[in-house]
Amino acid sequence: MRTDARLLALPLAALLSVCAYPVGAQPPAEGNPAEGVELALPPGEEAGTDLAAEAPAEGHEDASVGEDANLVVDGLVQEPAKPDPATHFTLKALPLLETRCGGCHGAEVEEPGGALGTHSLAALLAGGESGSPAIVPGQPGAGTLMDAITWATYEMPPKEADRLNEEEVAIIRQWIADGAVWPTKEEQDAIRWQDAQAAETADGRLVRTSGGQSDAWTNRRYAPEDLWSLQPLPPAEAPLSTDALAALVDERVNARLADADLAPAAPAEARTLLRRATFDLTGLPPTPAETDAFLAAYDADPDAAWVALVDRLLDSPAYGERWARHWFDVSRYADTGGMSNDFERSNMWRYRDYVIRAFNEDKPYNEFVVEQLAGDELADASVLERTGDPKAVEKARLDGDYTPEEAEQIVASGFLRLGPWDNAMIADDEARQIYLDDVVNVTGQAFLSTTMRCAKCHDHKFDPLPTRDYYRLYAAFSTTHAAERNVPFLPSENREGFEEEKALVQELLAFAKAEVKQLTDKREAAAKAWFDERGLPYLDQNARKDLPDEQKPPRHVGLSTEEQGELKVREQDVWIWNRRLERFQPMAQSVYNGGETKLAWNGARKLRIDQKAFNTDPPECFIFDGGALEAKGEPVQPGVPSAPGLPVAGTSDYLLPNGVSGRRLALARWIADPANPITARSIVNRVWGWHFGSPLAGNPNSFGAKGGKPTHPELLDRLAADFIAGGWTFKRLHRGLMLSEAYRRSSRHPNPDALETADPNGQLFATFPRRRLSAEELRDAMLLASGELVESNGGLPIRPEINMEVALQPRMIQFSLAPAYQPSPRPEQRNRRTIYAYLVRGQANPFLETFDRPGPNDSCELRETAATVPQSFTLLNGVTANDRAAALAARIESEGLQGEAAIDRAFRLTLNRPASDEERSALTAYLQDAAAVHAEVEVDPPTYPERITRSLVEEFSGEPFEYTEILPTFENYERDLKPEDLAPPARALADVCLLLLNSNEFAYVD
């Protein structure tokens, strides 16, 4: 549905009616990975075909150009329309019996369900506990099996996701109708071998992988269209010019439009283009001065003005702030660890600023990939190169003696610390598995557009991703350990406000320590009395903790139940504030390489490098059958996914180095290899989607069979190839896309009915898709319009004002409540861009959450932009919008503007245009009426508590208790301007400003 964005020139009530938000998707042993590709052989032939011999050797960068990588395409044969019964059973029916029935009824099951086995013809003929045969050869309707798999009786398999579809049911029916032949194992092997000689048949295409957990999976065929992302990219010997890149976009897009007999929309107006490009590249609206300058330049020379605009915006520091936020949706940035404790990751802001710098400096994407996955290994290599001493590498890890370049590389590997993780109440090996599973999956999603977790428990159901490859990647990260590392601050890192913020944390820490001391002094006084009564020497709590109970006082002697509960809270607060003090130290949330190591007792609360791990062997890795730690299967070595057909550099196989170090660096370089067919496709597809509202391939995190296929495959491939040829740089790609006619089209089509019929989902790009501003853009745009936005060069996270009920509401963490949210004390600190806001996993910002900012626990490929009723209420009644409206009114009033001039200025600051005569007239009249109403109403300004009382239940006794929490931020708090601070005329103008901030025209980009 396409909505008219115009703000109608109507009285206030009618204007509100057009506000933005109206009410109403048996394997071979590990070794050479190529050994995993053992296709079934005829009886009598020796197994172990080494397909690695066919793989490209070192210098493989050009080896796959023009070929189908690991897609077997030679020897195409035409399979008969109806294969003989033995072949039909072996290649089609038997795999279904093994994969869909074998889990409960297979040969390995001690007590098969219903006493029915499906592993042999004899078992099926015998039937189960019903006494009836499961099948009657030649009579599909006579046994119990067909009724079960069609869900006419038993509903087997019982899960809807595993239920056989009509085609699969027909395969079983045909097998029974053909006489239920069941060839011998030798005959089956011969049939599979013969089938494997044909690279592509009517059933699909073979893909060489490291091998599945069964021959049936290894020899499975795939629809060629599902393998599109594994095809090699077309050759691009030299990068295209920006104009040629734009022409390529238009040529391919227009060709699809012509095929659909659909005319493109006309070019958008200059003002629309300015707002579109400025939000797109910077996440901010154009200012009135920028609008005037662009319109004048556009009148003189539209093309030159447009090129100059794009170049100016790409040179703006705001560009990196906007596009880093896109990456954080994918990588899941947050300042806390989530889960039961939600411990702060005090220095994660350094990774945030690294990403912003990377975009502003136009860091090549291949370098961006390598630094995030293996920046610490790059730093280790650099230290070794400049010192020649392996011991210096270990010493640098501990004391942080790094150059600025090395320090930034270690900060970059904070990518591997972004996922939610805590080890509280979890066994160490399980906590370790949770971390590694998370890293494996986000690496696949972010860089390879592959959902790796789908292969954790079994070979992938739809894609050529064997579970062996999952655990090879798991092994690649198995020597990676999380730590807060000593890393010197960079000259480019902003340390403004360190001392003031540190003083606040120290005040909170001192209060918590004083409360702990008061309670422990009382406890120890009672303990001394206990020892004195028994004539025993006094021992402090640490000295007596291991004594028998009869030789020491009760653990909480002298404390009431309430005091016992409060002591736990205060001790937790001491940990929390000590942790936050690390924010001001030269430390980084990062990783290091080590062998077997034991997680410290305090785990996620305080992660440090374990020096002992430097000299231990790497852990042995296995396939965990069903994903269970207890079910160790075949051993695996570190490796890369095999389906792309790209060996690890310097090898002829898919194995990574097997030492403690070097695994991730080799993996990262394999991902960033120009010959990797997925990596460039993945990021180019994302960039297209962030520009045009929808990606060329519908699921940027999943290029597999169940993901959306490319609407313009040749365009995506050629853009990806050119992206590599052009040095993997983003700004060049931005220019090529934005200079195209497709990007500059109007969002309105001359024939909406024809558009709806030919392209209901907007995948042909006949128009430019209209979009709502993201949550961050809404807040930042309001701050810019009101004049409150403060430019920043990163640094410590800011804490914007949020709804006070949310800020002060109790937030449970393990054994305690988290401290209350206290906003930054001064407007110039908190009214910075939203990307710099403190992002707590356990406490979402209500404004941003309402407007669909994704949660940071899972990688987000595309944001939701649904219009909901709470959004209307939030923009109209929420503190964020109302405070901005008040500040905007005050800004206009400070410029000496009143009446129609004030209305016109408000329009230009919010909607980038002057008000129409009708709008100006209607709203000027409203100003007079509203000022009179406001003059009769007195509103008390808000107050902020300096202390609050918390209630909690003591965990062992179940008794409630209360304690006091201090909020020192509010002792000298400089609050944002509120509507109630304004005189009646300015408050009336704030009403008009609020209306404009609620308008469809403000909240949407055409």
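Thresholds applied
- Residues numbered from 1 in each chain as written.
- Predicted model: local features only at pLDDT ≥ 70, side-chain atom pairs only at ≥ 80, totals over all residues.
- Heavy atoms only, no water.
- Helix = DSSP H or I, 4+ residues; strand = E, 2+ residues; numbered from the N terminus.
- Rg over C-alpha atoms; globule rule 2.2 N^0.38 Å.
- Buried < 20%, exposed > 50% of the residue type's maximum accessible area, 1.4 Å probe, protein only.
- Areas by Shrake-Rupley, 256 points an atom, 1.4 Å probe, with all protein chains shown as cover.
- Axes fitted to C-alpha atoms, helices over the stretch in contact; angles between N-to-C directions.
- Parallel < 35°, antiparallel > 145°, perpendicular 65-115°, else oblique.
- Left-handed = near helix turned anticlockwise from the far one by under 90°.
- Contact = heavy atoms within 4.5 Å.
- Nonpolar A, V, L, I, M, F, W, Y, C, P; charged D, E, K, R; others polar.
- 1 Å grid on protein atoms, 1.4 Å probe; cavity = no way out; pocket = protein on both sides within 12 Å on 5 of 7 lines; lining within 4 Å.
- Points joined across faces, edges and corners; volume = space filled by probe spheres on them.
- pLDDT = per-residue confidence, 0-100.
- Pairing = 2+ DSSP bridges.
- UniProt positions renumbered as here; feature names shortened; annotations may be inferred.
- Polar contact = N/O pair within 3.5 Å; in protein donor to acceptor, adjacent residues only side chain to side chain.
- Patch = residues over 30% accessible without salt bridge, like charges linked within 9 Å, V, L, I, M, F, W, Y side chains within 5 Å.
- Salt bridge = Lys/Arg side-chain N within 4 Å of Asp/Glu carboxyl O.
- Phe/Tyr/Trp six-rings, centres within 6.5 Å; stacked < 30°, edge-to-face > 60°.
- Lys NZ or Arg CZ within 6 Å of the ring centre and 35° of its normal.
- Expected span 1.5 Å × (residues − 1).
- Disulfide = S-S within 2.5 Å.
- Arc of directions from axis to C-beta.

Focus: the overall build of the protein chain
In step 1: From N to C terminus, the protein chain includes 36 helices and 13 strands.
In step 2: Whereas a compact globule of 1006 residues would reach a radius of gyration of roughly 30 Å, the protein chain reaches 33 Å, a difference of no more than 12%.
In step 3: On the principal axes, the C-alpha backbone points of the protein chain span a range of 100 × 95 × 70 Å.
In step 4: Relative to its full complement of 1006 residues, the protein chain shows a buried share of 56%.
In step 5: Taken as a whole, the protein chain presents about 41,600 Å² of accessible surface, with 51% of it coming from carbon and sulfur.

Focus on the packing of helix α14 (residues 365–387) against helix α16 (residues 404–412)
In step 1: The geometry of α14 relative to α16 is characterised by a closest axis approach of 6 Å and an angle of 150 degrees between their N-to-C directions. Accordingly, the angle class assigned to the pair α14 and α16 is roughly antiparallel. The handedness of the crossing between α14 and α16 comes out as left-handed. The segment α14 lies against α16, with E371, Q372, G375, D376, L378, A379, S382, V383 and R386 engaging E406, Q409, I410 and A412.
In step 2: Its residues assigned to classes, the contact of α14 with α16 shows five nonpolar, four polar and four charged.

Overview of empty space enclosed by the protein
In step 1: In this structure, the largest cavity occupies an estimated 360 Å³ of space.
In step 2: In this structure, the largest cavity is lined by 25 residues; those nearest its centre are I576, R580, R811, P819 and Y838.
In step 3: At five residues, the largest contribution of residues to the lining of the largest cavity is made by helix α21 (residues 561–581).
In step 4: Partitioning the lining of the largest cavity into residue classes produces 14 nonpolar, four polar and seven charged.

Brief notes about the confidence of the model for the protein chain
In step 1: Looking at the protein chain as a whole, its pLDDT mean stands at 90, while 92% of the residues score no less than 70.
In step 2: Below a pLDDT of 50 lies the segment residues 1–69, which in the model reaches 159 contacts outside its immediate sequence neighbourhood of four places, other chains included.

Structural notes on the pairing of strand β11 (residues 947–953)
In step 1: Burial of β11 is one-sided: the residues I948, R950 and L952 facing one way are buried, the residues R947, T949, S951 and V953 facing the other way are not.
In step 2: With seven bridges connecting them, β11 and strand β12 (residues 960–966) associate as antiparallel partners. The residue bridging R950 from the neighbouring strand is Y963, located in β12.

Thoughts on the UniProt feature "domain: DUF1549" (unreviewed entry) in the protein chain
In step 1: Within the UniProt annotation, "domain: DUF1549" (unreviewed entry) is assigned to residues 249–481.
In step 2: In residues 249–481, the share of helix is 65% and the share of strand is 1%. The end C-alpha atoms are 44 Å apart.

Overview of the side chain of Q564
In step 1: Mapped onto the secondary structure, Q564 falls in helix α21.
In step 2: For Q564, a relative accessible area of 17% corresponds to the buried category.
In step 3: Separated by 3.3 Å, the side chain of Q564 and the backbone oxygen of L559 make a polar contact.
In step 4: Residue contacts for Q564: discarding those within four places in its chain leaves H556 and L559.

Considerations on the side chain of S702
In step 1: On the secondary structure map, S702 appears in the loop between α23 (679–692) and α24 (713–725).
In step 2: In this structure S702 comes out as buried when scored by relative accessible area, which is 17%.
In step 3: Apart from the residues lying within four places of it in its own chain, the contact partners of S702 are S449, T451, G707 and E861.

Some details on a nonpolar patch on the surface
In step 1: Among the surface-exposed residues, V933, V937 and V939 lie close enough to one another that they form a single nonpolar patch of about 230 Å² accessible area.
In step 2: Relative to the helices and strands, V933 resides in helix α34 (residues 917–935).

Considerations on unusual backbone geometry
Most peptide bonds adopt trans geometry, and most residues besides glycine take a negative phi value.
In step 1: Cis peptide bonds are those with omega within 30 degrees of zero, and the linkage from M156 to P157 qualifies with -10 degrees.
In step 2: In this fold, P157 is placed in the loop between α4 (145–149) and α5 (166–177).
In step 3: Even without a glycine there, the phi angle at W728 is positive, about 65 degrees.
In step 4: Relative to the helices and strands, W728 is located in the loop between α24 and α25 (730–738).

Observations regarding the packing of helix α8 (residues 242–259) against α24
Think of two packed helices as two axes; the pair is described by the angle between the axes and how far apart they sit.
In step 1: Their axes nearest at 10 Å, the elements α8 and α24 cross at an angle of 165 degrees. The orientation of α8 with respect to α24, classified from their angle, is roughly antiparallel. For the pair α8 and α24, the sense of crossing is right-handed. Together, L245, L248, V249, E251, R252 and V253 of α8 and E714, L715, R718, L719 and D722 of α24 make up the contact between the two elements.
In step 2: Its residues assigned to classes, the contact of α8 with α24 shows six nonpolar, no polar and five charged.

Observations regarding the packing of aromatic side chains
In step 1: Using the criterion set out here, one finds 48 aromatic pairs in the structure.
In step 2: Measuring from ring centre to ring centre gives 5.0 Å for F847 and F851, while their planes differ by 45 degrees; the resulting arrangement is tilted. For the pair shown, F847 and F851 are each scored as buried.
In step 3: Over the ring of Y743 we find R276, and its NZ or CZ is 5.9 Å from the ring centre.
In step 4: If you follow K528 out to its NZ or CZ, it ends over the ring of Y538, 5.3 Å from the centre.

Remarks on the sheet that holds strand β2 (residues 204–206)
In step 1: One open sheet holds the three strands; their spatial order is β1-β2-β3, and the pairing between them is antiparallel. Strand pairing shows two members of the sheet lacking a second neighbour, β1 (200–201) and β3 (221–222), which therefore form its edges.
In step 2: Across two bridges, the pairing between β1 and β2 is antiparallel. Bridge assignment links E200 to a residue of β2, and that residue is R205.

Here we look at α23
In step 1: Taking 1.5 Å of rise per residue, the 14 residues of α23 would be expected to cover 20 Å, and the 20 Å separating its terminal C-alpha atoms lies within 8% of that figure.
In step 2: For α23, a buried count of 14 out of 14 residues is recorded, marking the element as mostly surrounded by other parts of the structure.
In step 3: G693, located one to two residues past α23, shows a positive phi value of around 90 degrees.

What to know about the environment of N578
In step 1: Mapped onto the elements, N578 comes out in helix α21.
In step 2: Judged by its relative accessible area of 34%, N578 falls in the partly exposed class.
In step 3: Along the backbone, N578 and L508 are 70 residues apart, and their C-alpha atoms lie at a distance of 9.8 Å.

Quick word on the environment of Y838
In step 1: Relative to the helices and strands, Y838 is located in the loop between α29 (827–830) and α30 (846–850).
In step 2: The contact partners of Y838, leaving out residues within four places of it in the chain, are D335, T336, E344, R580, R583, P797, I798 and R799.
In step 3: Here E344 takes part through its side chain, which lies 2.5 Å from a polar atom of the side chain of Y838.

What about the state of the cysteines?
Where two cysteines share a covalent bond between their sulfur atoms, that bond is called a disulfide.
In step 1: Applying the stated rule across the entire model yields zero disulfides.
In step 2: The cysteine C457 is free of any disulfide, with C454 supplying the nearest cysteine sulfur at 9.8 Å.
In step 3: Left without a disulfide partner, C621 is nearest to the cysteine sulfur of C457, which lies 17 Å away.
In step 4: Using a relative accessible area of 6% as the deciding quantity, one classes C621 as buried.

A look at helix α31 (residues 869–877)
In step 1: Taken together, the buried positions of α31 are occupied by Q871, S872, T874 and L875. All buried residues of α31 fall inside an arc of 165 degrees around its axis, so they share one side.

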